[in-house]
Amino acid sequence: MDVAFPDYDYDAELLSLSDQHKTDLFLFNSSHNLVRARGVSQKIETPLSAKTFQHDVNKVFDAEQRKGIDNPILVGAIPFDLDQPCQLLAPKWSERVKPFSADFPAFKDKDFSHQIINHAFKPDHTGFVNMIEAALLTLNHDDLKKIVLSKILELTLDRSVDIPRLLTNIMGQNPSAYHFSVPLESGILIGASPELLIRKEGNTLYSNPLAGSAKRSKDLQEDRRASHALQQSKKDQYEHRIVVDAIRSALIPMVQSMKLEAQPSLISTPTMWHLSTQIEAILAKDSELSIFDVIKQLHPTPAMCGTPTGLAHHHISALEPHKRGFFSGLVGWCDAQGNGEWAIAIRCAEVASNKVRLFAGAGVVPDSCVESEWRETSAKMQTMINAFGIKGFNNDD
Ligand SMILES: C=C(O[C@H]1C=CC=C(C(=O)O)[C@@H]1O)C(=O)O
């Protein structure tokens, strides 16, 4: 189904939100699909690692089909830790249409701004330094090759956040990202992720892992220098290669063919440069694998966790003072015909009224430098700081 894009009044037409529905709308927008959903017909909270997971999904799809929906969908979020409950639902209402182009004046909401009343990093700078130093020691004395460690920034803002306005700002400022707004029990998970874990169209799989990062600069020359240095950086190339190798090894047993770029390319968001690899693969003939079977083999990749996965996961639980929940998990949708798209929940925030939590992680390898990882995670948070219209906050502190 195609949609035309007239000059929208963003909150009335674009997001079709009346006041009482401001926060219960699920939205996922990529350059391939825009999925919107509302209301709960059925829920799935089973962890992805549970044996009954696919059975529970099939049961929900069957029940929706018995109600007369030809190709029902599931939308929601999958946590970082596969043993934790998912928040997936078959919505009461949904539509899948041509994606938004975010290049409208309506998306440039310059008057949208917030002030910070309180802020706290978890861990704080000292705790972060200790955490990365402990990781570096482990990297030297263990089989661990890479670990991704994160921090959270907790904000209290001067007023409750208007979610549709935040979403339009996110889209306007980051037109080529995966935009999402996912109502969860703890608040709204909302953001502009640059990273695709998996898109499945029939038997074709697409993935776009990122790893290796540099902060962008407003100064053109400095910006070019940063991108060039990233491309030349052995440390970042190594960090990236670990992710691509893991995805390739996980896909090989499932697919009949795979195309992937020999060298990573550079991609940019408005705030960051990244090393990126596009991967395309065709599932083996007569494959009965669902998109969740594929996700189970891939997630969490070394771009979110580390390598080897189990060991990195163990050290993350021991070193990080916070529970990630859905941060660095997945957000997206899938249908009963086996299509779907799941982006990684980064460059995002969890918002509950005027309380906001931002998340950012960075890959740590033996050549990592503690202060650079602090600055990199702060730079990654700038995507959401800008979307909230927060000015003059130096989040390097
Ligand atoms: C974990 C995050 O970034 C990942 C994605 C791209 C580059 C990354 C890096 O260079 O460390 C991270 O693996 C985040 O943005 O919070």
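Structure: above.
About the thresholds
- Residues numbered from 1 in each chain as written.
- Predicted model: local features only at pLDDT ≥ 70, side-chain atom pairs only at ≥ 80, totals over all residues.
- Heavy atoms only, no water.
- 1 Å grid on protein atoms, 1.4 Å probe; cavity = no way out; pocket = protein on both sides within 12 Å on 5 of 7 lines; lining within 4 Å.
- Points joined across faces, edges and corners; volume = space filled by probe spheres on them.
- Helix = DSSP H or I, 4+ residues; strand = E, 2+ residues; numbered from the N terminus.
- Salt bridge = Lys/Arg side-chain N within 4 Å of Asp/Glu carboxyl O.
- Buried < 20%, exposed > 50% of the residue type's maximum accessible area, 1.4 Å probe, protein only.
- Pairing = 2+ DSSP bridges.
- Axes fitted to C-alpha atoms, helices over the stretch in contact; angles between N-to-C directions.
- Contact = heavy atoms within 4.5 Å.

**Here we look at empty space enclosed by the protein**
With the rule as written, the count across this model stands at 2 cavities of 30 Å³ or more. Contributing elements (two or more residues each) for the lining of the largest cavity: β8 (146-157), β13 (210-215), β22 (355-364) and α9 (370-387). A per-element tally of the lining of the largest cavity places β22 first, with 5 residues.

**Description of the pattern of salt bridges**
Per the counting criterion, the structure on display carries 19 salt bridges. Among the ionic pairs, E373 bridges to K235, the shortest N-O distance being 3.5 Å. Linking E373 in helix α9 with K235 in helix α6 (residues 234-251), this pair joins segments that are 138 residues apart in sequence. Across the pair E280 and K259 runs a salt bridge, and its minimum N-O distance is 3.9 Å. Here K259 lies in strand β14 (residues 255-260) and E280 lies in strand β17 (residues 279-283), a separation of 21 residues in the sequence. Here E280 falls in the partly exposed class, since its relative accessible area comes to 27%. Look at K259 and you get exposed, because its relative accessible area is 55%. Taken together, the shared-partner salt bridges in this structure form one network comprising K235, D236, E239 and E373.

**Quick word on the sheet that holds strand β4 (residues 73-78)**
Strands sit in the order β3-β5-β4-β19-β20-β11-β12-β17-β14 across an open sheet of 9 strands; the sheet is antiparallel. Of all the strands in the sheet, the pair left with one neighbour each is β3 (42-44) and β14. Here the average twist between neighbouring strands, direction ignored, is 15 degrees. Pairing between strand β19 (residues 330-335) and strand β20 (residues 340-344): 5 bridges, direction antiparallel. Note that in β20 the partner of C334 across the bridge is G340. α6 contacts β12 (204-208), β14 and β17 of the sheet and is inclined by roughly 160 degrees relative to β14. Lying on the sheet, helix α7 (residues 291-298) is in contact with β4, β5 (87-90), β11 (196-201), β12, β19 and β20; it crosses β11 at an angle near 155 degrees.

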